[in-house]
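Summary of the model geometry
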Amino acid sequence: MSDKPIRTVPCPSCRGPSVYAESNRWRPFCSERCRSVDLGAWASERFRVPAETPPGEDDAAPPQH
Ligand SMILES: [Zn+2]
């Protein structure tokens, strides 16, 4: 009974279980990828970086809710 309880938190990026411990350097994210994705989203939100949307697609845009 010497095992420490593993605390997990929901990953802010993928909402999966993320180990909240020193062994997880990306906490509260579950992985480096999720951390990068979140930072990327934050950066694009802040700096208004144009997405990968090709121009001239007004009529060809499929219906999206
Ligand atoms: Zn994740």
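So, here's what we can say about the structure. The shown structure was predicted, so the numbers you read here are calculated from the model rather than taken from an experiment. (Residues numbered from 1 in each chain as written. Predicted model: local features only at pLDDT ≥ 70, side-chain atom pairs only at ≥ 80, totals over all residues.)

Regarding the overall build of the protein chain
Quick note on the threshold: Put simply, DSSP H or I for four residues or longer makes a helix, DSSP E for two residues or longer makes a strand, and each gets a number counted from the N terminus. Note on contacts: residues are paired as contacts if their backbone-placed C-beta atoms lie within 7 Å.
When you go through the protein chain residue by residue, the secondary structure sums to one helix and two strands. In the protein chain, of all internal contacts separated by at least 6 residues, the share reaching a separation of at least 24 is 7%.

Let's talk about the environment of G16
By the secondary structure assignment, G16 is in the loop between β1 (8–10) and β2 (17–19). As a C-alpha pair, G16 and C30 span 14 residues in sequence and 7.3 Å in three-dimensional space. Excluding anything up to four places from it in sequence, G16 contacts C11 and C30.

Focus on unusual backbone geometry
The amide bond that connects R27 to the next residue, P28, takes the cis arrangement and shows omega of 5°. Structurally, the position occupied by P28 is in the loop between β2 and α1 (32–47). Unusually for a residue other than glycine, R15 sits at a positive phi of about 65°. Along the polypeptide, R15 turns up in the loop between β1 and β2.

A short note on the environment of V37
Secondary-structure assignment places V37 in helix α1. Distance from V37 to C14, taken between C-alpha atoms, is 9.5 Å for residues 23 residues apart in sequence.

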